[in-house]
Amino acid sequence: MSKEKESVLAGFKAFLMRGNVIDLAVAVVIGAAFTNVVNSLVKGVINPLVGAFGTKDLDHYSSCLKAPCVTKGGEVVTGIPIMWGSVLSAVLTFLITAAVVYFLMVLPMSRYLARRARLQAAKEEVKEVLEVSELEVLKEIRDALVAQRGAPGPGGSGPAAR
């Protein structure tokens, strides 16, 4: 094997071993299963409810672009049908999928991350206050020790300043 092929294979192996690839594969599998659930919900519940205002399921709504569009046994005999019902069904499927993903995944995760960021900021603020108060305590201890020796404070003259 040439060095170039070895480096390409090594790069591919490194790519596969990263955690992102596994996460992506899991997301694709779950997304495919989730799509089936949403499609079933739209076709089994939403479409019949919307179709209750008419006489058919949404997938059967259509208009004719030309001629009377007579169908026999599911075959188009004349005319050019425009199947706007199936487009509406697909749009509803997309909107329901997007709503579920947003409200069940994106919104809770963004709230969690915001809360985590607030907690982290509060911890840093407490740490900063502790550092400042620690410095103040050390200064007080230094001043007390200097006062016990009977010398003036730091930067002054006297036996402690030598």
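In this numbering scheme, every chain counts its residues from 1 along its sequence in written order. In keeping with the predicted nature of the model, local features appear solely for residues at pLDDT of at least 70, side-chain atom pairs appear and are counted solely at 80 or more, and the whole-chain, interface and lining totals rest on all residues. Excluded from the side-chain calculation are hydrogens and water; included are all heavy atoms of the structure.

What the protein contains, in helices and strands, is three helices and four strands. Helix and strand definitions follow DSSP, with helices as H or I runs of at least four residues and strands as E runs of at least two, each counted in order from the N terminus. For the protein, the α and β elements follow one another from N to C terminus as α-α-β-β-β-β-α. Contact criterion: two residues are considered in contact whenever any of their non-hydrogen atoms come within 4.5 Å of each other. Put simply, of all contacts in the protein between residues at least 6 apart along the chain, 38% involve residues at least 24 apart. Accessible area for the protein stands at about 13,000 Å²; split by element, carbon and sulfur atoms hold 66% of it. Methods summary: accessible areas were calculated by the Shrake-Rupley approach with a probe of 1.4 Å, and residue burial reflects only the protein chains presented.

Any carboxyl oxygen of Asp or Glu that lies within 4 Å of a side-chain nitrogen of Lys or Arg is treated as forming a salt bridge with it. Enumeration according to the criterion identifies one salt bridge in this entry. Here Arg142 makes a salt bridge to Asp143, at a shortest N to O gap of 3.1 Å. Here the term buried applies to any residue with accessible area under 20% of the maximum for its type, exposed to any over 50%, and partly exposed to those in between, with areas from a 1.4 Å probe on protein chains only. In this structure Arg142 comes out as partly exposed when scored by relative accessible area, which is 38%.

Across the chain, each position has a pLDDT score giving the predictor's confidence in that residue, from 0 to 100. In this model, the protein carries an average pLDDT of 77, and 83% of its residues clear a pLDDT of 70 or more. Taken element by element, the protein is modelled with least confidence in strand β2 (residues 71-72), mean pLDDT 56, and with most confidence in helix α3 (residues 84-149), mean pLDDT 84.

So, on to the packing of aromatic side chains. Paired rings are identified among Phe, Tyr and Trp, the last through its six-membered ring, by centres lying within 6.5 Å, and are further divided according to the angle between planes into stacked (under 30 degrees), edge-to-face (over 60) and tilted (the rest). Inspection of the entire model under this criterion finds one aromatic pair. Seen in terms of ring centroids, Tyr102 and Phe103 are 5.1 Å apart; in terms of plane orientation they differ by 80 degrees. Their pairing is edge-to-face. The exposure class of Tyr102 is partly exposed, given its relative accessible area of 40%. Of the residues examined, Phe103 reaches a relative accessible area of 53% and is grouped as exposed.

Patches draw on residues past 30% relative accessible area with no salt bridge. Two like charges within 9 Å are joined, as are two nonpolar side chains (Val, Leu, Ile, Met, Phe, Trp, Tyr) within 5 Å. We count Lys and Arg on the positive side and Asp and Glu on the negative side, and we leave His and both chain ends out. Taken as the charge centre is NZ of Lys, CZ of Arg, CG of Asp or CD of Glu, depending on the residue. Negative charge collects at one region of the surface, where Glu124, Glu125, Glu128, Glu131 and Glu134 lie side by side. With respect to the helices and strands, the residue Glu125 is situated in helix α3. When its relative accessible area of 56% is taken as the criterion, Glu125 is described as exposed.

Within the secondary structure layout, Ser89 lies in helix α3. Each residue touching Ser89, except ones within four places of it in the same chain, is listed here: Val42, Asn47, Leu58 and Asp59.

Moving on to a nonpolar patch on the surface. A cluster of nonpolar side chains, namely Val50, Leu65, Ile80, Ile82, Trp84 and Leu88, defines an oily patch on the protein surface of about 510 Å² accessible area. You can see Ile82 is positioned in strand β4 (residues 81-82). Residue Ile82 is classed as partly exposed on the basis of its relative accessible area, which comes to 40%.

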